[in-house]
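Below, each chain spelled out in residue letters.
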Amino acid sequence: GYTGERGVELLIPGELAAPVWEALASAGVVACGLGARDTLRLEMGYPLYGHELTRERTPAGVAGGAFMARGKPFIGREAVERELAAGPPQRLVGLRLEGRRAARAGDPVQAGGRPVGAVTSGAFAPSLGVAVALAWVDAASSAVESPLQIAARGATLPARVSPLPFPR
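Residues numbered from 1 in each chain as written. Predicted model: local features only at pLDDT ≥ 70, side-chain atom pairs only at ≥ 80, totals over all residues. Heavy atoms only, no water.

Participant: Help me out: how do you make sense of the overall build of the protein in this one?
Facilitator: Tallying secondary structure elements over the protein gives three helices and six strands in all. When the helices and strands of the protein are listed from N to C terminus, the series reads α-α-α-β-β-β-β-β-β. Dimensions of the protein along its principal axes, counting C-alpha atoms only, are 55 × 45 × 25 Å. Per-residue burial for the protein yields a buried fraction of 33% across its 168 residues. If you take every contact in the protein between residues at least 6 apart in sequence, the share linking residues at least 24 apart comes to 61%. With the model as given, the accessible surface of the protein reaches about 9900 Å², and the carbon-plus-sulfur share is 59%. In the protein, the 18 positive side-chain charges and the 15 negative ones have mean positions that sit 5 Å from each other. (Helix = DSSP H or I, 4+ residues; strand = E, 2+ residues; numbered from the N terminus. Buried < 20%, exposed > 50% of the residue type's maximum accessible area, 1.4 Å probe, protein only. Contact = heavy atoms within 4.5 Å. Areas by Shrake-Rupley, 256 points an atom, 1.4 Å probe, with all protein chains shown as cover. Lys, Arg positive; Asp, Glu negative; His and termini not counted. Charge placed at Lys NZ, Arg CZ, Asp CG, Glu CD.)

In structure tokens form, the structure reads like this:
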């Protein structure tokens, strides 16, 4: 599934939603909310449209286009191919923070006090025991283990670029 966990997604007619849910609940299925889904997708490093991907952000900076069917036609292919050939100016990276305090979307990312990007998603990751984030940062600051800082609500949060999915 989208969270990286094993599971299924059910697409059912609206009039069957209540009876299907009641049957699942009586079988022991436990519901979770969007916060849980978002934390799981963040731990996997999966980009979400509207956060990591936008009209201004192409998939070229996400893993260098590794998950794109570049041999097939798609809208915007020429722009993506140009960006891949030139090297994306910024890359989507995972950031592992030193503590439990989470960064939030829009928080500035710095390297040695100079701005290099911005956080797109961040949360405390229960399965990792630390806060993690996804951020677009300048390509020069995107190497794994690069030390970065996040300016978050009056504090500076130390972080390091992490491989994705975040290692346990």
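Participant: Please clarify how the side chain of Asp107 should be interpreted in this entry.
Facilitator: Position of Asp107 among the secondary structure elements: in the loop between β1 (90-97) and β2 (108-111). For Asp107, a relative accessible area of 10% puts it in the buried group. Within the structure, the side chain of Asp107 is placed 2.7 Å from the backbone nitrogen of Arg104, a separation counted as a polar contact. When residues no more than four places from it in sequence are discounted, the contact partners of Asp107 are Ala118, Val119, Ile150, Ala151, Ala152 and Arg153. (Polar contact = N/O pair within 3.5 Å; in protein donor to acceptor, adjacent residues only side chain to side chain.)

Participant: Where do I start with the confidence of the model for the protein in this structure?
Facilitator: If pLDDT is low for a region, its predicted coordinates should not be looked at in detail. The predicted model of the protein averages 90 in pLDDT, with 98% of residues at 70 or higher. Per-element mean pLDDT across the protein ranges from 87 in helix α3 (residues 77-86) up to 98 in β2. (pLDDT = per-residue confidence, 0-100.)

Participant: Just to check I follow, could you spell out helix α2 (residues 34-44) for this structure?
Facilitator: Because an α-helix completes one turn every 3.6 residues, residues spaced three or four positions apart along the sequence face the same direction. Buried within α2 are the following residues: Thr39, Arg41, Leu42 and Glu43. Lining the buried residues of α2 we find β3 (114-125) and β4 (130-138). Immediately downstream of α2, the backbone of Gly45 shows phi near 80°, a positive value.

Participant: Even after reading the chapter, I still don't get the pairing of strand β6 (residues 155-162), so can you show me in this structure?
Facilitator: Every regular strand shows the same layout, with side chains that alternate between the two sheet faces. The sheet contact formed by β1 and β6 spans four bridges and is antiparallel. For Leu97, the partnering residue across the bridge sits in β6 and is Ala159. By the bridge criterion, six bridges tie strand β5 (residues 147-152) to β6 in an arrangement that is antiparallel. If you follow Pro147 over to β6, its bridge partner there is Arg160. (Pairing = 2+ DSSP bridges.)

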